[in-house]
Amino acid sequence: MPSRTLLVVIGVLAAGLVALFGNRFFKEDTEMGARLAQNNCGVCHDLTQARTSRTGPPLWGIVGRPAGITGFAHSPGFREIVNAAPFVWDEERLGGFIANPASLLPASIMTQATPEHPLAFTGMESAVNRRDLVAFLKTLQ
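Residues numbered from 1 in each chain as written. Predicted model: local features only at pLDDT ≥ 70, side-chain atom pairs only at ≥ 80, totals over all residues. Heavy atoms only, no water.

### Observations concerning the overall build of the protein chain
Point 1. Each helix and strand in the protein chain was counted, giving six helices and two strands.
Point 2. Ordered by position from the N terminus, the helices and strands of the protein chain form the series α-α-β-α-β-α-α-α.
Point 3. Evaluated residue by residue, the protein chain yields a buried proportion of 35% over its 141 residues.
Point 4. The long-range share in the protein chain, meaning contacts at least 24 apart out of those at least 6 apart in sequence, stands at 49%.
Point 5. Surface exposure of the protein chain reaches about 8,700 Å², of which carbon and sulfur atoms provide 60%. (Helix = DSSP H or I, 4+ residues; strand = E, 2+ residues; numbered from the N terminus. Buried < 20%, exposed > 50% of the residue type's maximum accessible area, 1.4 Å probe, protein only. Contact = heavy atoms within 4.5 Å. Areas by Shrake-Rupley, 256 points an atom, 1.4 Å probe, with all protein chains shown as cover.)

### A few points about the packing of helix H2 (residues 30–40) against helix H6 (residues 127–139)
Point 1. The N-to-C vectors of H2 and H6 enclose an angle of 90°; their axes lie 7 Å apart at closest approach. Classed by the angle they form, the pair H2 and H6 counts as roughly perpendicular. Along its contact with H2, which presents Thr30, Met32, Gly33, Ala34, Leu36 and Ala37, the element H6 presents Asn129, Asp132, Leu133, Ala135, Phe136 and Thr139. (Axes fitted to C-alpha atoms, helices over the stretch in contact; angles between N-to-C directions. Parallel < 35°, antiparallel > 145°, perpendicular 65-115°, else oblique.)

### Some points on helix H3 (residues 76–84)
Point 1. Among all positions of H3, only Gly77, Phe78 and Val82 are buried. All buried residues of H3 lie within an arc of 125° about the axis, which places them on one face of the element. More than 90 degrees from the buried face of H3, the exposed residues found are Pro76, Glu80, Asn83 and Ala84. (Arc of directions from axis to C-beta.)

### Comments concerning the side chain of Arg65
Point 1. Here Arg65 lies in strand S1 (residues 65–66).
Point 2. Buried Arg65, no salt bridge; nearest opposite-charge side chain is Asp46, N-O distance 10.0 Å.
Point 3. A distance of 2.9 Å separates a polar atom in the side chain of Arg65 from the backbone oxygen of Trp60.
Point 4. In this structure Arg65 touches Pro58, Leu59, Trp60, Thr70, Phe87, Val88 and Trp89, once residues within four positions along its chain are discounted. (Lys, Arg positive; Asp, Glu negative; His and termini not counted. Salt bridge = Lys/Arg side-chain N within 4 Å of Asp/Glu carboxyl O. Polar contact = N/O pair within 3.5 Å; in protein donor to acceptor, adjacent residues only side chain to side chain.)

### Some thoughts on the packing of aromatic side chains
Point 1. Across all of its chains, the model carries two aromatic pairs by this definition.
Point 2. With a centroid separation of 4.9 Å and an interplanar angle of 85°, the aromatic rings of Phe87 and Trp89 are classed as edge-to-face.
Point 3. Overall, the relative accessible area of 7% leaves Trp89 in the buried class.
Point 4. Among the aromatic residues, those joined into a cluster by ring pairs are Phe87, Trp89 and Phe97. (Phe/Tyr/Trp six-rings, centres within 6.5 Å; stacked < 30°, edge-to-face > 60°.)

### Points about the packing of helix H4 (residues 91–99) against H6
Describing two packed helices takes the angle between their axes plus the distance from one axis to the other.
Point 1. As a packed pair, H4 and H6 sit with axes 10 Å apart at the nearest point and diverge in direction by 130°. Here H6 runs oblique to H4, going by the angle between their axes. Viewed along their axes, H4 and H6 form a crossing whose handedness is right-handed. For the pair H4 and H6, contact is made by Glu91, Leu94, Gly95, Ile98 and Ala99 and by Arg130, Leu133, Val134, Leu137 and Lys138, respectively.
Point 2. A breakdown of the residues in the contact of H4 with H6 according to their chemical character gives six nonpolar, one polar and three charged. (Left-handed = near helix turned anticlockwise from the far one by under 90°. Nonpolar A, V, L, I, M, F, W, Y, C, P; charged D, E, K, R; others polar.)

What follows is the structure in structure tokens.
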């Protein structure tokens with residue numbers, strides 16, 4: 001059994017780590033989300049209120065929006081999935097999509113690398129980054 005002193009030292013160190021880094025892991029960081037959005041989404045999607053279509057549909061107002069209603073010319077694979085089972089882009093669905101887009105929309109052009117579309121998005125591993133990205137997308141209203 002560890003000594004009482006060792007347990008106190010471990011407890012103090014753990015409390016210090018939570019004090020230093022806890023907010024990063026437990027609190028949404030929309031500034032980090034904005035950087036993640038610009039670097040991961042902004043290449044193909046408009047993040048501004050202008051809502052222009054680029055290689056992908058605009059992301060302004062995506063949280064709470066039904067999938068596929070932006071006027072963007074979505075791929076036949078995307079249309080087939082959304083027509084068969086319409087859904088709304090809520091926080092949970094966006095988080096799952098950002099984690100593994102091919103699991104939700106396997107036939108979407110966004111998830112497939114081709115010569116015409118070399119920048120396929122395969123997902124974001126970090127749950128903290130996904131949380132921050134979704135938190136930022138919620139601000140685009």
